[in-house]
Amino acid sequence: MKKGNYDLRPALQFVALHRERYETAVRELMDRPPMRLPIYSYPGLCILQHSGTQLHPVEIREIVGRLPQPFRDLSLLSTIDYEHASTVPVPIFSADGSWIDVDFVPEADFPRPGQHSGRILIGRSIGDVIYPSALPVCIHEDARIRWLYQLHVFLHEFFHTIEFKRRSRALRESIRLARNSSRFTFEQWWNRWEELLLSENRPLFPTRYAATYLDSLTREVAEKDPEKFTRAVAEQICESFVGYILGIAPNDQDEADFKQHSPAAWSLIDDLQSSTVL
C-alpha cells in the first residue's frame, strides 16, 4: 500500500475526470486581482534555467501574484530553479515499502528496467527555492492534464516556502498573526494541525500522496522522532493548501469539492488566509 500511494497515475486520472472543475479553478485564480506590487516585481523572485516543459515563468509570477496576501507575506520564496526540470525523481523503497532514497533519472530514460512506470516523486523545495521536476508522458498522455497537476505541485511546494525553514517551535512562535480581534502565533496554528492529526477522529487524508505519511502521524513518532512527525504534518498542510486554493485535490473518495472532503483542513487554512502577519 505504501508503494501504491506513490503511483501518480490515479492522481492524474482524477484531474482528467474533473478537468472542467480544474479549469474553472484556474480561471477563478487568474481572475483575482494581482498583488499590490506589479506581478513582475515580486520581491526577490529569480527564475533560473527555464524549461518549456514546466509552468512558464510568466505563469508562475501570475499565480504567485494572485495568492492571498497572508501566504505571500509568510513565504520565503526567492528562486524557481529549473535545474531538474527534465529529471524524474524515482523513489527507492525499503523491504517494508517505505521510501528511503531517490534515483534521479533523465526524463528520456524513464522508466529504466525494473522501475515502475507510475511511481515517481515530483517537485522539491528547500524553503526559499522551488525545483520543478519532470512529469513524463507515461503518467498521463494529455499535456494539459500534466500542466494542471504541475500547478498542484507548484502550490504544494509554495507552502513549503512558508514552513520548511521554520520547523522549530521557537521560529514558529516568533511569527505573530492577527485575525479579527484575536492574536496568535504560527506555532499555535501549527499545534491545531498536530492536535487534529493525532485525534481519534482524524479526518480523511486530503490526497493519496498525503496518506503515505500515515505511519508517521502517531504520538509515538511525535515523541521519539519529532523531525519525522513534523515532516508528515507539513505534507498534510501543503496538500491541504493546494485543495484550499484550487477548491479540489486528488483523493481516493473521488470528491471534487475539497471543502466537503476535508472541512477541518479547509477551516485551518482559511484561518491563516484570513489573518494578518504582524
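Note: the structure precedes this text.
Quick notes on the rules
Along each chain, the written sequence defines residue order, and numbers are assigned to residues from 1. Reporting in this predicted model follows two pLDDT cut-offs: at least 70 for local features of residues, and 80 or more for side-chain atom pairs to be given and counted; totals over whole chains, interfaces and linings ignore these cut-offs and use all residues. Each side-chain value is derived from all of the structure's non-hydrogen atoms; neither hydrogens nor water enter the calculation. Pairing of aromatic side chains here covers Phe, Tyr and the six-membered ring of Trp, requires ring centres within 6.5 Å, and sorts the geometry by plane angle: under 30 degrees stacked, over 60 edge-to-face, intermediate tilted. Comment: elements are numbered from the N terminus, with helices defined as DSSP H or I runs of at least four residues and strands as E runs of at least two. Relative accessibility under 20% of the residue-type maximum defines a buried residue, over 50% an exposed one, and the middle range a partly exposed one, all with a 1.4 Å probe and only protein chains included. Either the NZ atom of lysine or the CZ atom of arginine qualifies as a charge over a ring when it sits within 6 Å of the ring centre and within 35 degrees of the ring normal. A pair of strands is considered paired only if DSSP assigns at least 2 bridges between the two. Note on contacts: a residue pair is in contact if any heavy atoms of the two residues lie within 4.5 Å. Think of each axis as a best-fit line through the C-alpha atoms, taken over the contacting stretch in the case of a helix, with angles from 0 to 180 degrees between the N-to-C directions. The definition of a polar contact used here is a pair of N or O atoms within 3.5 Å, where within protein one atom must be able to donate a hydrogen and the other to accept one, and adjacent residues in sequence count solely through side-chain atom pairs. Small angles under 35 degrees read as roughly parallel and large ones over 145 as roughly antiparallel, with 65 to 115 read as roughly perpendicular and the rest as oblique. Gly counts as polar in this scheme, as do all residues outside two lists: the nonpolar Ala, Val, Leu, Ile, Met, Phe, Trp, Tyr, Cys and Pro, and the charged Asp, Glu, Lys and Arg. Residues are said to line a cavity or pocket when one of their atoms sits within 4 Å of a point; the points come from a 1 Å grid over protein atoms alone, cavities being sets where a 1.4 Å probe fits but cannot get out and pockets being open sets with protein on both sides within 12 Å along at least five of seven lines. Grid points are joined across faces, edges and corners, and a volume is the space filled by probe spheres set on the points.

Colleague: Before we go on, may I ask you to explain the packing of aromatic side chains in this structure?
Modeller: Aromatic ring pairs are described here by two measures, namely the spacing of the ring centres and the angle between the planes. The full count for this structure, using the stated rule, is eleven aromatic pairs. Taken together, a centroid distance of 5.2 Å and an interplanar angle of 45° make the contact between Y244 and W266 tilted. In this pair, Y244 is assigned in helix 9 (residues 226-246) and W266 in helix 11 (residues 263-273), connecting sequence segments 22 residues apart. Residue W266 is classed as partly exposed on the basis of its relative accessible area, which comes to 22%. The rings of F71, F158, F159, F186, W189, W190, W193 and F241 are connected pair by pair, giving a single aromatic cluster. Here the basic side chain of R124 rests over the ring of Y131, its NZ or CZ set 4.4 Å away from the ring centre. Above the plane of the ring of W147 lies R144, whose end atom (NZ or CZ) is 4.4 Å from the centre.

Colleague: Could you clarify how one ought to interpret the sheet that holds strand 7 (residues 176-179) in this entry?
Modeller: Sheet strands line up and pair through hydrogen bonds in the backbone, either parallel or antiparallel. One open sheet holds the three strands; their spatial order is 8-7-9, and the pairing between them is antiparallel. Two strands bound the open sheet, and with one partner strand each, they are strand 8 (182-185) and strand 9 (276-277). As defined by bridge partners, strand 7 adjoins strand 8 across four bridges and the pair is classed as antiparallel. Looking at strand 8, one finds that L177 is bridged to F184. This element, helix 7 (residues 186-198), spans strand 7 and strand 8 of the sheet and lies at about 75° to strand 8.

Colleague: What should I look at first to understand the side chain of Q236 in this one?
Modeller: Relative to the elements of secondary structure, Q236 occurs in helix 9. Among the polar contacts listed, one links the side chain of Q236 to the backbone oxygen of A210, at a separation of 3.0 Å. Beyond its immediate chain neighbours, meaning those up to four positions away, Q236 contacts L197, F205, P206, A210, Y213 and L217.

Colleague: I would appreciate a short explanation of the packing of helix 7 against helix 11 in the present structure.
Modeller: Packed helix pairs are characterised by how far apart their axes lie and by the angle those axes make with each other. Running from N to C, helix 7 and helix 11 cross one another at 180°; their axes reach a closest spacing of 11 Å. It follows from the interaxial angle that helix 7 and helix 11 lie roughly antiparallel. In this structure, helix 7 contributes F186, W189, R192, W193 and L196 to the contact, and helix 11 contributes A264, A265, L268, I269, D271 and L272. Across the contact of helix 7 with helix 11, the residue classes tally to nine nonpolar, no polar and two charged.

Colleague: What should I look at first to understand the layout of surface pockets in this one?
Modeller: One way to see where empty space is left: roll a probe the size of a water molecule over the atoms. In this structure, the largest pocket spans a volume of roughly 1200 Å³. Looking at the largest pocket, it is lined by 48 residues, and the ones nearest its centre are Y6, W99, Y209, T212 and Y213. For the lining of the largest pocket, the secondary structure elements donating two or more residues are strand 4 (99-106), strand 5 (124-125), helix 5 (143-163) and helix 9. When residues of the lining of the largest pocket are assigned to their parent elements, the largest contribution, six residues, is made by helix 5.

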